[in-house]
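If you want the building blocks of each chain, they are given just below.
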There are 2 protein chains.
Amino acid sequence: MNHKIKWLRDKISRMDMQGMIITNPTNIKYLIGVDAEGILLLTRKENVYITDARYLEKVNKMLTIDDGIIVTNVMDVSKDDYENFFLFCENVGFEENHLTYAKYKEYIQKYKINNFVETENIIEKQRMIKDSYEIECIKKACEITDNCFKHLLTFIKKGMTEKQIAWEIENYFLLNGADGVAFDTIVASGPNSSMPHAVPTERKIVSGDIITIDFGCKYKGYCSDMTRTIFIDFVQDYIKPVYDLVLKNQELTLKEYYDGANVRIISKMVENDFKLNNFDFVHSLGHGVGLDIHEEPIITSKRGDFLLRENMVITDEPGIYISSKFGVRIEDTVVITKSGAEILTKSTKDYVVIE
Amino acid sequence: MNHKIKWLRDKISRMDMQGMIITNPTNIKYLIGVDAEGILLLTRKENVYITDARYLEKVNKMLTIDDGIIVTNVMDVSKDDYENFFLFCENVGFEENHLTYAKYKEYIQKYKINNFVETENIIEKQRMIKDSYEIECIKKACEITDNCFKHLLTFIKKGMTEKQIAWEIENYFLLNGADGVAFDTIVASGPNSSMPHAVPTERKIVSGDIITIDFGCKYKGYCSDMTRTIFIDFVQDYIKPVYDLVLKNQELTLKEYYDGANVRIISKMVENDFKLNNFDFVHSLGHGVGLDIHEEPIITSKRGDFLLRENMVITDEPGIYISSKFGVRIEDTVVITKSGAEILTKSTKDYVVIE
């Protein structure tokens, strides 16, 4: 049986569950490496992956005997089979943050489950700590992203639209070994940069523009995430103090990211420094990165204490946004090590001015 | 107030609900045109969109006074506000096929909801019937897809990998007016074509190959979906009867798609013809296409009767898959009209042989 499934079986057993239904596709990919439509059952003795005919051959090719997973076509599962899966199970776990209410009701009936028990993100929490393979994949995704940024510095020209730049980024990823983008690329120029989640428009780049570029790719399923804010021809005087303040806090945060650090306090530190300068901090300071672009942990002061641990991969991305005028965000993806944060996105954070 | 919100208010009122919480992002985009993270509340008198600071400016720009939507920052909503939203509502609707079990429990508490009532996909069902703007967008997406196919016929060469062809498709979309791909492009060559949901690999195209290409783009948020199965140098003799059988059924289906037709019977017709020839039909015959690539209705014999209606946009995509050997699928996107099915993807379905 693969070691992640073994871990999960131990974990639920200690929580007094005799079975579990896993429906979150990212968690299934994490556990058994399978990228299809289906659900994974841990029954008393077996691990069963139920999929449909569209995916059967593909899934059977991805799994080996050693994985210890029985792959079943949903069309071959009878009413009795469903009722037998968890026959002598008192408690069966489910993913309450993924399963819809409709499926929750359906499953209780279909599987004749006694107690259907919330599992409080046990798999997501485990996913926070990356193994060496996962870190290597994220490093590679970050390297491609850095190279893409270098390419952009010679590609971006006045007169181009935000959309053209976003396309070039996606194209670069596709042609340079990435699986594709990790999320919808943000290229926000001039006043558009005041929207943290701007969608690329037909606005043309002009002299004096500020451009926020938030982008990342996937490599073997693992994401990178980087933001750089750059300038065309010159840096407007009114922008400089904001850029410097964001960068100062981005770098301070990097120093505070280490094994054992409390992210609530780090976020509060940045918030307070922004407030001292009369700016609000409108989004979280960062988030985990892995198979999903946004994973646990969320780096914020709005939740309780949370301590960073070795081999977590997270972002550091403070930003300031001045409505209808401009915005500045600077973001790195980092891995937490015993001795601090190792920065995986290495592109320069000095003023970058394109002429 | 916009007419879609008016429609929904009438609808829930007739279902004896005094309010509704809409959480499915595609439904929110459909109702108010907003593409962000947030939830939409229809309270007794108001329509409230709750989002966060990252999206506030963007959402405010997208909506006008005429939309009649109050946009609120989630940080400004107090405990009392939550409890007041549905204060005199006996029944409040929710989307049981979208809301997670965890959110279901949270909302009942937070909003102090008396009866939280399932709404049985009322919005998804309405979305099945497209208006003229939506049909125009889908037509445009299909046109770009047809042009991309024409481009592929000169682009594809022996020695290229499946991945290279998939990249070229995505690149073509980005550079020719599409928002991007509508779903992960499938390019499955040789034996890989036997997997209906194959992921593009490094396999190189060789003489005698069959290649299944399933692809589509988005235009203004609306999807296209087309599959063509093509050949390199020549068509293997053992493939011809399978191709002909799939094509015959694909074309028969097109004739059977009209306002009032029962999709259960049409699907059964194809299944039976495949069975007569000793082949299984392993997936559904088609699905709705719109803001989502897979929407209601699902064209299958596995559910009850379902009648097509004018202005539904659906696919017609029979396929036969011979494990580890090869597969053939041919798919069009069509709009149902009074007089039949208007085919929106117009690329040839004759044998296409690339040399």
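Residue numbers run consecutively from 1 along every chain, following the written order of its sequence. As they are written, the chains are lettered A onward and the ligands numbered 1 onward, keeping that order. Per-residue local features of the predicted model are confined to residues with pLDDT of at least 70, and side-chain atom pairs are confined, for both listing and counting, to 80 or more; whole-chain, interface and lining totals are unaffected and use all residues. For the side-chain quantities, the full set of heavy atoms in the structure was used; hydrogens and water were omitted.

**Quick word on the interface of chain B and chain A**
Reasoning step 1: The contact criterion used throughout is that any non-hydrogen atoms of two residues lie within 4.5 Å. Contacts between the two partners involve 34 residues from chain B, matched on the other side by 34 residues from chain A.
Reasoning step 2: Simply put, the buried area is the total loss of 1.4 Å probe accessible area from both parts when two parts are fitted together. Carbon and sulfur atoms make up 60% of the area that chain B and chain A hide from each other, which totals about 3,200 Å².
Reasoning step 3: For this analysis, a salt bridge means a side-chain nitrogen from Lys or Arg found within 4 Å of a carboxyl oxygen belonging to Asp or Glu. Between the two partners, chain B and chain A, sit 2 salt bridges.
Reasoning step 4: Two residues, E118 of chain B and K105 of chain A, come together in a salt bridge whose shortest N-O distance is 2.6 Å.
Reasoning step 5: N or O atoms closer than or at 3.5 Å make up a polar contact, with two conditions inside protein: a donor-capable atom paired with an acceptor-capable one, and, for residues adjacent in sequence, both atoms drawn from side chains. Inspection of the chain B/chain A interface yields 20 residue pairs in polar contact (both at pLDDT 80 or more).
Reasoning step 6: Numbered from the N terminus, helices here are DSSP runs of H or I no shorter than four residues, and strands are runs of E no shorter than two. Contributing elements (two or more residues each) for the side of chain B that touches chain A: helix 3 (53-62), helix 5 (101-110) and helix 8 (162-175) of chain B.
Reasoning step 7: Top element by residues in the side of chain B that touches chain A is helix 3 of chain B. It accounts for 6 residues.
Reasoning step 8: For the side of chain B that touches chain A, a count of residues per class yields 16 nonpolar, 9 polar and 9 charged. Polar here means any residue other than Ala, Val, Leu, Ile, Met, Phe, Trp, Tyr, Cys and Pro, which are nonpolar, and Asp, Glu, Lys and Arg, which are charged; Gly is therefore polar.

**Quick look at the relation of the copies chain B and chain A**
Both copies of the chain are tied together by a single rotation about an axis and a shift running along it.
Reasoning step 1: Fitting of the copies onto one another was done by least squares over C-alpha atoms, counting residues only where both copies have pLDDT of at least 70. After a rotation of 180° and a shift along the axis of 0.0 Å, chain B superposes on chain A with an RMSD of 0.0 Å. In symmetry terms, the pair is related by a two-fold rotation axis. It is T100 of chain B whose C-alpha, among those of chain B, lies nearest the rotation axis, at 2.0 Å.
Reasoning step 2: A share of 100% of interface residues in chain B that are also interface residues in chain A marks the association as one of identical surfaces.

**Details of the packing of helix 8 (residues 162-175) of chain A against helix 8 of chain B**
Two numbers describe a pair of packed helices, the interaxial angle and the distance between the axes.
Reasoning step 1: As a rule, the C-alpha atoms of each element are fitted with a line to give its axis, helices using only the stretch in contact, and angles between N-to-C directions run from 0 to 180 degrees. Here helix 8 of chain A crosses helix 8 of chain B at 175°, and the two axes come no closer than 10 Å. As summarised for this structure, helix 8 of chain A and helix 8 of chain B are arranged roughly antiparallel, according to the angle between their axes. Each of W167, E170, N171, L174 and L175 of chain A in helix 8 of chain A lies in contact with helix 8 of chain B, whose residues at this interface are W167, E170, N171, L174 and L175 of chain B.
Reasoning step 2: A class-by-class count of the residues in the contact of helix 8 of chain A with helix 8 of chain B yields 6 nonpolar, 2 polar and 2 charged. Angle categories are assigned with fixed cut-offs, so that under 35 degrees is roughly parallel, over 145 is roughly antiparallel, 65 to 115 is roughly perpendicular, and the rest are oblique.

**Description of the domain arrangement of chain A**
Residue and element names in this part refer to chain A.
Reasoning step 1: As far as domains go, chain A holds domain 1 (3-127) and domain 2 (132-354).
Reasoning step 2: Relative placement of domain 1 and domain 2: their C-alpha centres are 36 Å apart.
Reasoning step 3: Every contact between the two is made by 5 residues of domain 1 and, on the other side, 6 residues of domain 2.
Reasoning step 4: A combined buried area of about 550 Å² lies between domain 1 and domain 2, and 51% of that area is made up of carbon and sulfur atoms.
Reasoning step 5: Applying the counting criterion to the domain 1 and domain 2 interface returns 2 salt bridges.
Reasoning step 6: Listed by contribution, the elements that provide at least two residues to the side of domain 1 that touches domain 2 are helix 2 (25-32) and helix 6 (122-127). Domains are outlined according to an automatic or database domain assignment.

**So, the side chain of H283 of chain B**
Reasoning step 1: Following the sequence through the fold, H283 of chain B ends up in the loop between helix 10 (263-276) and strand 13 (286-288).
Reasoning step 2: Engagement of the side chain of H283 of chain B in a polar contact is seen with the side chain of Y321 of chain B, the distance being 2.6 Å.
Reasoning step 3: For H283 of chain B, the contacting residues outside a window of four places in its chain are R54 of chain A together with P196, E317, P318, G319, Y321 and R329 of chain B.

**Things to note about the sheet that holds strand 10 (residues 217-219) of chain A**
Residue and element names in this part refer to chain A.
Reasoning step 1: Whether two strands pair comes down to DSSP finding at least two bridges between them. In spatial order, the strands read 7-10-11; together these 3 strands make up an open sheet with antiparallel pairing. Each end of this open sheet is capped by a strand with a single partner; those strands are strand 7 (180-181) and strand 11 (222-223).
Reasoning step 2: Direction of pairing for strand 10 relative to strand 11: antiparallel, over a ladder of 2 bridges. Each residue of the ladder has a partner; that of K218, found in strand 11, is C223.

**Side note on unusual backbone geometry**
Residue and element names in this part refer to chain A.
Reasoning step 1: Along the chain, E296 connects to P297 via a cis peptide bond; the corresponding omega equals -5°.
Reasoning step 2: Look at N278: it is not a glycine, yet its phi comes out positive at around 65°.
Reasoning step 3: Within the element layout of this structure, N278 appears in the loop between helix 10 (263-276) and strand 13 (286-288).
Reasoning step 4: Partly exposed describes any residue whose relative accessible area lies between the buried limit of under 20% and the exposed limit of over 50%, with all areas from a 1.4 Å probe on protein chains only and scaled to the type maximum. Look at N278 and you get exposed, because its relative accessible area is 71%.

**A closer look at the packing of helix 7 (residues 132-155) of chain B against helix 8 of chain B**
Residue and element names in this part refer to chain B.
Reasoning step 1: Running from N to C, helix 7 and helix 8 point in directions that differ by 140°, and their axes come no closer than 10 Å. One finds that helix 7 runs oblique with respect to helix 8. Every pair of crossing elements has a handedness; the one defined by helix 7 and helix 8 is right-handed. Along the contact surface, helix 7 presents I144, T145, N147, C148, H151, L152 and F155, while helix 8 presents Q164, I165, E168, I169, Y172 and F173.
Reasoning step 2: Here the contact of helix 7 with helix 8 is composed, by residue class, of 8 nonpolar, 4 polar and 1 charged. Note: crossing handedness is left-handed where the near helix turns anticlockwise from the far helix by less than a right angle, and right-handed where it turns clockwise.

**Details of the pattern of salt bridges**
Opposite charge on two side chains makes pairing possible when the charged atoms of those side chains draw close.
Reasoning step 1: Applying the stated rule across the entire model yields 52 salt bridges over all chains.
Reasoning step 2: For K139 of chain A, the salt bridge identified is with E342 of chain A, shortest N-O distance 3.4 Å. Here the residue K139 of chain A occupies a position in helix 7 (residues 132-155), and E342 of chain A occupies one in strand 19 (residues 340-343), the gap between them amounting to 203 residues.
Reasoning step 3: Overall, the relative accessible area of 31% leaves E342 of chain A in the partly exposed class.
Reasoning step 4: One salt bridge connects R303 of chain B with E296 of chain B, and the closest N-O pair in it is separated by 3.7 Å.

**As for the sheet that holds strand 8 (residues 186-189) of chain B**
Adjacent strands of a sheet pair through backbone hydrogen bonds, lying either parallel or antiparallel.
Residue and element names in this part refer to chain B.
Reasoning step 1: Taken together, 4 strands build an open sheet; the order of strands is 8-9-12-20 and the sheet is mixed. Lying at the two open borders of the sheet, with one neighbouring strand each, are strand 8 and strand 20 (353-354).
Reasoning step 2: Relative to strand 12 (residues 226-232), strand 9 (residues 210-215) runs antiparallel, the two sharing 6 bridges. Looking at strand 12, one finds that F215 is bridged to M226.
Reasoning step 3: Taken strand by strand, helix 7 contacts strand 9, strand 12 and strand 20, and its axis lies near 10° from that of strand 12.
Reasoning step 4: Running over the sheet, helix 8 touches strand 8 and strand 9 and is turned about 155° from strand 8.

**Let's talk about the confidence of the model for chain A**
Reasoning step 1: For chain A, the mean per-residue pLDDT works out to 96, and 100% of the residues sit at or above 70.
Reasoning step 2: Scored as a complex, the prediction yields pTM 0.88 and ipTM 0.87. What pLDDT expresses is the predictor's confidence in each residue, scored from 0 to 100.

**Regarding the environment of K29 of chain B**
All names here are of chain B.
Reasoning step 1: Here K29 shows up in helix 2 (residues 25-32).
Reasoning step 2: Overall, K29 belongs to the partly exposed group, its relative accessible area being 24%.
Reasoning step 3: Sequence spacing of K29 and K157 is 128 residues, and the spatial spacing of their C-alpha atoms is 40 Å.
Reasoning step 4: Excluding anything up to four places from it in sequence, K29 contacts V34, D35, G221 and L291.

**Section: the environment of F86 of chain A**
All names here are of chain A.
Reasoning step 1: Relative to the elements of secondary structure, F86 occurs in the loop between helix 4 (79-85) and strand 5 (91-94).
Reasoning step 2: Classification of F86 by relative accessible area gives buried; the value is 2%.
Reasoning step 3: Along the sequence, F86 and L41 sit 45 residues apart, while their C-alpha atoms lie 9.3 Å from each other.

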